[in-house]
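# Topology and contacts: notes
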Amino acid sequence: MAMAHSTIPPSTVLILKSRSVRGTWAPAAWGWKVSTYLWTKSISAGAFVLAAIAIGFGFVRGDWLYESAAPLVSLFFLAATVGLLVWDLKRPDRFLSILFRPQWKSWLVIGGYILVIFGGLLMAWLMIPVVRVFEAEGPVMLLGAIFAAMSAIYSAFLFRQARGRVFWHSSLTPLHLLVQAMVAGASVLML
């Protein structure tokens, strides 16, 4: 049995089947501040978690990179993260409103508290050698690592609230952000 050949070339069929999904240009949903915010937050969280793992499991002890440089790097990039977050708000006074009059269903509020608690634990870790309360090092590092990981992943839940952003609706996005934080923290510590 002979097959019938179409007189329309295959390239024309593809053109006929394609359609325009969006006819107008639209600006990006967010600019460089949000991208940089995700980057600085990843470095801060990753540097802390890696240092906590290295010290907590006894891989290093007394190493300046993990006991001094890592918490300072983490604190610097956490401050940059909070600065970018406040700057990105149309009215920076809203950041205090978010903290003092919280709407607990908002991931912006939850994330703000995660960042504040993480910053407090970071400061506590840096103060341990100064005040010589070395028995607090373990609990502070454990809680700090938990809140560092939470600060790395809460953006997945925050951006999931933006319904038009398909990437953020994946159930693997929190894991992706945690791995991204570990890579970013390790990269900066290697430098």
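Here is a short report on the structure shown in this document. (Residues numbered from 1 in each chain as written. Predicted model: local features only at pLDDT ≥ 70, side-chain atom pairs only at ≥ 80, totals over all residues. Heavy atoms only, no water.)

Phi angles above zero are rare outside glycine, and arginine 132 is one such case at about 55 degrees. Turning to its location among the elements, arginine 132 is positioned in the loop between α5 (107–131) and α6 (137–160). (Helix = DSSP H or I, 4+ residues; strand = E, 2+ residues; numbered from the N terminus.)

Tallied over the full model, the rule gives 7 aromatic pairs. Measuring from ring centre to ring centre gives 4.8 Å for phenylalanine 48 and tryptophan 125, while their planes differ by 75 degrees; the resulting arrangement is edge-to-face. Note that phenylalanine 48 is positioned in helix α2 (residues 32–56) and tryptophan 125 in helix α5, a separation of 77 residues in sequence. For phenylalanine 48, a relative accessible area of 0% puts it in the buried group. For the ring pair phenylalanine 76 and phenylalanine 77, a centre distance of 5.1 Å and an interplane angle of 90 degrees mean the geometry is edge-to-face. (Phe/Tyr/Trp six-rings, centres within 6.5 Å; stacked < 30°, edge-to-face > 60°. Buried < 20%, exposed > 50% of the residue type's maximum accessible area, 1.4 Å probe, protein only.)

This next bit is on helix α3 (residues 64–88). If you check α3, its first and last C-alpha atoms are 34 Å apart, about what 25 residues at 1.5 Å a residue would give, namely 36 Å. Burial in α3 covers these residues: Leu65, Ala69, Ala70, Pro71, Val73, Ser74, Phe77, Leu78, Thr81, Leu84 and Leu85. Packed against the buried residues of α3 are α2, α4 (93–100), α5 and α7 (173–190). (Expected span 1.5 Å × (residues − 1). Contact = heavy atoms within 4.5 Å.)

Core analysis: the biggest nonpolar cluster contains 42 residues, and Tyr37, Phe48, Leu115, Phe118, Trp125, Ala148 and Tyr154 have the highest contact counts within it. Among the elements of the structure, α2, α3, α4, α5, α6 and α7 are those that each provide at least two residues to this core. If we skip the residues at most four places from it in the chain, tyrosine 154 touches Tyr37, Lys41, Trp107, Gly111, Ile114 and Leu115. (Core = buried A, V, L, I, M, F, W, Y, C linked by side-chain atoms within 4.5 Å.)

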